[in-house]
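If you want the building blocks of each chain, they are given just below.
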Amino acid sequence: MTIRSYIGLGSNLGDSQQILSEAVAKLATLGHVKVSRLYQSPPMGPQDQPNYLNAVVQLDTTLAPLALLDQLQQFEQESGRVRLRRWGERTLDLDLLIYGQEHIQNERLTVPHIGLLERDFVILPLLDLDAHLQLNGHSLKDLELVQQANLTVIADQSWATA
C-alpha cells in the first residue's frame, strides 16, 4: 500500500541547493516525489550560523515509517551530515513530518513531527504541495504564522530535478 508522506529538507553548510537537489533525487528512489518551492530562512537555533535553505518533498512510498526513517538517516550520512550542536549548522537535515494520517510516538520517531505547526519553514512548503492540508483538525493555511512568515523564496518547484 502506498502512503503519502512529507519530508522536510534543510541545509546551511556547503552547496546547500546542490545538496538538497541530490537529496530529492535520492528520495525519488523511494517512490513518487513532488517538491515545494525552495526557501531561505534564518536559523531556528543559534544565530551565529548561515541561513538555511528549506523545502518539503511529498513522497508516495510503500516503506513503513521506521524503514523510511532509516533511509532518511542513511541519506543524511551519505551527505556527510555532522551534528555540531543542537539546532546547529548541518549539511543535510531530513525530517519525516507527516506519514499518511498516522500518529506515531516512540523512542525513534514522532509523527506528525514535533513543532511542525510552529515552523514557517515547514508550513509554507507544505502549503506549496497541498493548499488544503490539515493537521490535527487545523487547516495549515489558516495558521497565524503563515501571515507572519520570515522566509524568502529562492526558487520555484523546478529547482530540483528528480
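Here is what the cut-offs are and how they apply
- Residues numbered from 1 in each chain as written.
- Predicted model: local features only at pLDDT ≥ 70, side-chain atom pairs only at ≥ 80, totals over all residues.
- Heavy atoms only, no water.
- UniProt positions renumbered as here; feature names shortened; annotations may be inferred.
- Helix = DSSP H or I, 4+ residues; strand = E, 2+ residues; numbered from the N terminus.
- Buried < 20%, exposed > 50% of the residue type's maximum accessible area, 1.4 Å probe, protein only.
- Pairing = 2+ DSSP bridges.
- Core = buried A, V, L, I, M, F, W, Y, C linked by side-chain atoms within 4.5 Å.
- pLDDT = per-residue confidence, 0-100.

Novice: Where do I start with the UniProt feature "domain: 7,8-dihydro-6-hydroxymethylpterin-pyrophosphokinase" (unreviewed entry) in the protein chain in this structure?
Specialist: Using the residue numbers shown here, the UniProt feature "domain: 7,8-dihydro-6-hydroxymethylpterin-pyrophosphokinase" (unreviewed entry) corresponds to residues 86–97. Annotation note: span residues 86–97, helix share 0%, strand share 42%, distance between end C-alpha atoms 19 Å.

Novice: For this particular structure, what's the right way to read the pairing of strand β1 (residues 3–11)?
Specialist: On a regular strand, each side chain points to the face opposite its neighbour's, so the side chains alternate between the two faces of the sheet. Burial of β1 is extensive: eight of the nine residues sit out of reach of the surface. Pairing of β1 with strand β4 (residues 52–61), which is carried by nine bridges, proceeds in the antiparallel orientation. Counterpart to R4 in the pairing with β4 is D60. Across six bridges, β1 lies against strand β5 (residues 93–99) in antiparallel orientation. Bridge pairing in β5 places G10 opposite D93.

Novice: Teacher, can you tell me more about the nonpolar core here?
Specialist: Where a protein is soluble and globular, its nonpolar side chains tend to be buried together. If you look at the biggest cluster of nonpolar residues, it comprises 30 residues, and the most contacted ones within it are I7, L9, L27 and W159. Residues L116, L133, L135 and L151 belong to the second largest nonpolar core, which totals 20 residues.

Novice: I would appreciate a short explanation of the confidence of the model for the protein chain in the present structure.
Specialist: Low pLDDT marks stretches whose predicted atomic positions should not be read closely. Of all residues in the protein chain, 98% have pLDDT values of 70 or greater, and the mean over the chain is 91. β4 holds the highest mean pLDDT among the elements of the protein chain, 97, whereas strand β9 (residues 138–139) holds the lowest, 86.

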